[in-house]
Amino acid sequence: MQSFNLNMEYIPGKSNVIADMLSRPACHEENELCEVCTVAIDVPSRSPKEIRVEQMKDEELVKIISCLEDPDKNVNYVNWVERGYLMNQGVLFRYAPDSESEEAQLVIPLAMKEL
């Protein structure tokens, strides 16, 4: 879970007009599985190497990665860096200018995006 930027915020009582699974009362049934109180999150995990392989299948991302990894930093290098792109452990990330987060976000290849 550390690789995700999670934010949990407590909203008291009547202010919580959009209740979710985390704000439901605790289930006191010890022998039964209570679906109302169960929160299941399927978080796929991939190694940097696996993500790199997928990014290298995306033609647009290959252009950016090749430019950032080229030892002869050319004009395009500055262009990509100014747009927030950077490499970490061989994987492409980007700082989003409109994001509240100060952390770089993983660039997801088009093939890995669920439509």
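Just above sits the structure.
Residues numbered from 1 in each chain as written. Predicted model: local features only at pLDDT ≥ 70, side-chain atom pairs only at ≥ 80, totals over all residues. Heavy atoms only, no water.

Draft legend 1. Representation of the nonpolar core. Among the nonpolar cores identified, the biggest contains nine residues, and these are Leu61, Ile64, Ile65, Cys67, Leu68, Trp80, Tyr85, Leu92 and Val107. Broken down by element, this core gets its largest block of residues, five residues, from helix 2 (residues 59-69). Beyond its immediate sequence surroundings of up to four residues, Ile65 is in contact with Arg52, Gln55, Met56, Met87 and Leu92. (Core = buried A, V, L, I, M, F, W, Y, C linked by side-chain atoms within 4.5 Å. Buried < 20%, exposed > 50% of the residue type's maximum accessible area, 1.4 Å probe, protein only. Helix = DSSP H or I, 4+ residues; strand = E, 2+ residues; numbered from the N terminus. Contact = heavy atoms within 4.5 Å.)

Draft legend 2. Spotlight on the pairing of strand 1 (residues 85-88). Pairing geometry for strand 1 and strand 2 (residues 91-94), over four bridges, is antiparallel. The residue bridging Met87 from the neighbouring strand is Leu92, located in strand 2. Turn length for the strand 1-strand 2 hairpin, with the two strands adjacent in sequence and antiparallel, is two residues, and the turn residue Gln89 shows positive phi of about 55 degrees. (Pairing = 2+ DSSP bridges.)

Draft legend 3. Unusual backbone geometry, seen in detail. Look at Gln89: it is not a glycine, yet its phi comes out positive at around 55 degrees. For Gln89, the position within the fold is in the loop between strand 1 and strand 2.

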